[in-house]
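Survey of secondary and tertiary structure
Here are the chains, one letter per residue:
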Amino acid sequence: MPPLPVLDHDAVLAAVTPQAAIDRVGEAFLRFASGEWVMPPKVYLQSPPDGDFRAMPARGDGLALLKWITSFPGNPARGLPTVTGVICLSDATTGQPLMLLDARSVTALRTGAVAAVAARALAREEARSVGIVGCGLHGVWAARCLATAGYGPGICADPDARAAQRLAAELGWSVGSRADAVRSDVVCCVTPGAEIVIDTGDLRAGVHLNMLGADGPGKAEATIGAVASCALFCDEWAQASHGGELTGAIEAGLVTRDRVTELGDVLAGTAPGRPDPQAVTLFDSTGLAIQDLAVAAAALQAWRAGQVHAQTVNL
């Protein structure tokens, strides 16, 4: 086997710009909706009481991917990142590994990208202001991608005032409270999902909610009543219904399959998006392997074009 290229965190971010990530992730949803790209359900391996591991496969455009990713919320207290992992990108025809990539950077890029893709598809046409609730790694990239897509100015809210200040300073936005942030046109909740961020009293006519933090069983950023009060969208029903923001409302019998539209169908024009300008739309993002495949494929293309340097390993 020839030497295998490896892209570390910085190399991935050098290879794929926010605009490229937005474009590629939007295209991935279209390919998935049409059946061209396939993705088995993600597998969770719990590691109580500390966190969990996730195995996420996908295949499309002659490539196959497996992401081995973690979520260990207590890691920052240990001086370690919450999310770590590795992605293996392979040739779908021969099975040969083509590249290894840092999973943390790919996850951050595709999470930020889907925030912009969903806002474009579901927010009011005139929506501009942004509220970021949770200014950790994924909140930062959601803000960066939304700014790239033309949204802003924004309000950054986080219990860690320094995190909010850093993000606001980078983008020329403002620091505010959670209550300030949720009064924006596009509200992105990007917290660990352990505490409620959105209640029914926070729902205003015309707002769009990107719920990005509840990416596994037992997590929620909105109350069941708030979820049930919205026009509902998700990245994939099978995944969101069992481990996403929608799960609690579904288990309570307040939300059924016919009330939820997948984002790919909206992008493809086979399903309606926002019902009307006054509706409150909610997008439940649980994170799909097809999004990772889109970003990893872009990184592979950039490396093959000589736009980024890779380390190599021999297997």
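Note that the structure is a prediction, hence the values are computed from the model and not measured.

What counts, and where the lines are drawn
- Residues numbered from 1 in each chain as written.
- Predicted model: local features only at pLDDT ≥ 70, side-chain atom pairs only at ≥ 80, totals over all residues.
- Heavy atoms only, no water.
- Phe/Tyr/Trp six-rings, centres within 6.5 Å; stacked < 30°, edge-to-face > 60°.
- Helix = DSSP H or I, 4+ residues; strand = E, 2+ residues; numbered from the N terminus.
- Buried < 20%, exposed > 50% of the residue type's maximum accessible area, 1.4 Å probe, protein only.
- Lys NZ or Arg CZ within 6 Å of the ring centre and 35° of its normal.
- Salt bridge = Lys/Arg side-chain N within 4 Å of Asp/Glu carboxyl O.

Let us look at the packing of aromatic side chains. Within this structure, the stated rule accounts for two aromatic pairs. Residues Phe53 and Trp68 carry aromatic rings whose centres are separated by 5.3 Å and whose planes lie at 15 degrees to one another, so their mutual orientation is stacked. Here Trp68 lies in strand β4 (residues 63–71) and Phe53 lies in strand β3 (residues 51–60), a separation of 15 residues in the sequence. In this structure Phe53 comes out as partly exposed when scored by relative accessible area, which is 24%. For the pair Phe53 and Phe72, a centre-to-centre distance of 5.4 Å together with 75 degrees between the ring planes defines the contact as edge-to-face. Here Phe53, found in strand β3, pairs with Phe72, found in the loop between β4 and β5 (85–91); they are 19 residues apart in sequence, far enough to count as distant. Note on Phe72: relative accessible area 11%, which makes it buried. Among the aromatic residues, those joined into a cluster by ring pairs are Phe53, Trp68 and Phe72. Between Arg128 and the ring centre of Tyr151, over which it is positioned, the NZ or CZ distance is 5.9 Å. Over the face of the ring belonging to Trp141 we find Arg144, whose NZ or CZ atom lies 4.6 Å from the ring centre.

Taken as a whole and judged by the stated rule, the model has 16 salt bridges. Of the charged contacts in the structure, one is a salt bridge between Glu170 and Arg144, with a shortest N-O distance of 2.7 Å. Here Glu170, found in helix α5 (residues 161–171), pairs with Arg144, found in helix α4 (residues 137–148); they are 26 residues apart in sequence, far enough to count as distant. For Arg144, a relative accessible area of 23% translates into the label partly exposed. A salt bridge links Arg257 to Glu262; its shortest N-O distance comes to 4.0 Å. Its relative accessible area of 36% is what places Arg257 among the partly exposed residues. A cluster of three or more residues bridged by salt bridges with shared partners is formed by Glu27, Arg31, Glu36 and Asp61.

Any link to function would need more than the numbers given here.
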